[in-house]
Amino acid sequence: HRACKSMEATPIGDVRIFFKDQFVMNKDILEFLTIIIGAIAERLDCPVRDVYRRLKSSKILDDYMIPCYDVLHTFSIAYVVDDVVDFMKREGVLP
């Protein structure tokens, strides 16, 4: 996967989501992830719930997509979907 900035960057947007007093994501990141996961599900002809579970259990969501939001959101949806699907294949999440 591509190099990216860490979550230390200043959050974008007014709404921040916290878990146990730790910044997790803001509204913009959540919307981005929703769009990308839905697009991956459509590409794979697979339920969104299954795509989310695969991304979460493989840590691709937490260790790549969320921390790399600052970079990923600047690319097209098609590019990010291709990138994440390729990453899922390399990690053995997809056949």
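None of these values were measured; they are calculated from a predicted model.

Helix and strand counts for the protein stand at 5 helices and 2 strands. Each helix (α) and strand (β) of the protein, taken in turn from the N terminus, gives the series β-β-α-α-α-α-α. Relative to its 95 residues, the protein shows a buried fraction of 32%. Residue pairs in contact within the protein that sit at least 24 positions apart in sequence constitute 56% of those at least 6 positions apart.

Now for the confidence of the model for the protein. Looking at the protein, the pLDDT average stands at 82 and 74% of residues meet or exceed 70. Confidence scores differ between elements of the protein, with strand 1 (residues 16-19) showing the lowest mean pLDDT of 50 and helix 5 (residues 77-90) the highest of 96.

Another aspect to go through is unusual backbone geometry. Located in the positive-phi region is Asp45, a residue other than glycine, with phi close to 50 degrees. Counting through the fold element by element, Asp45 comes out in the loop between helix 1 (27-44) and helix 2 (48-57). Take Asp45: its relative accessible area is 74%, and that puts it in the exposed class. Not every positive phi belongs to a glycine, and Lys59 is a case in point at roughly 70 degrees. Within the secondary structure, Lys59 is located in the loop between helix 2 and helix 3 (60-65).

Turning our eyes to something else, we now look at the packing of helix 1 against helix 2. Two elements in contact, helix 1 and helix 2, have axes whose closest approach is 9 Å; the angle formed by their N-to-C orientations is 110 degrees. The angle between helix 1 and helix 2 places the two elements in the roughly perpendicular class. When you trace helix 1 past helix 2, the crossing you get is right-handed. Taking contact as the criterion, the partners of Ile37, Gly38, Ile40, Ala41 and Leu44 in helix 1 are, on helix 2, Val48, Val51, Tyr52 and Leu55. Partitioning the contact of helix 1 with helix 2 into residue classes produces 8 nonpolar, 1 polar and no charged.

Bringing the nonpolar core into the picture now. Ranked by internal contacts, the top residues of the largest apolar core, which has 26 residues, are Ile40, Leu55, Ile60, Met65 and Val84. Every element with two or more residues in this core is listed here: helix 1, helix 2, helix 3, helix 4 (69-72) and helix 5. Of the residues forming this core, the biggest block, 7 residues, is contributed by helix 1. When sequence neighbours within four positions are dropped, the list of residues in contact with Val84 reads Ile40, Leu55, Ile60, Tyr64 and Met65.

The rules behind each value
- Residues numbered from 1 in each chain as written.
- Predicted model: local features only at pLDDT ≥ 70, side-chain atom pairs only at ≥ 80, totals over all residues.
- Heavy atoms only, no water.
- Helix = DSSP H or I, 4+ residues; strand = E, 2+ residues; numbered from the N terminus.
- Buried < 20%, exposed > 50% of the residue type's maximum accessible area, 1.4 Å probe, protein only.
- Contact = heavy atoms within 4.5 Å.
- pLDDT = per-residue confidence, 0-100.
- Axes fitted to C-alpha atoms, helices over the stretch in contact; angles between N-to-C directions.
- Parallel < 35°, antiparallel > 145°, perpendicular 65-115°, else oblique.
- Left-handed = near helix turned anticlockwise from the far one by under 90°.
- Nonpolar A, V, L, I, M, F, W, Y, C, P; charged D, E, K, R; others polar.
- Core = buried A, V, L, I, M, F, W, Y, C linked by side-chain atoms within 4.5 Å.

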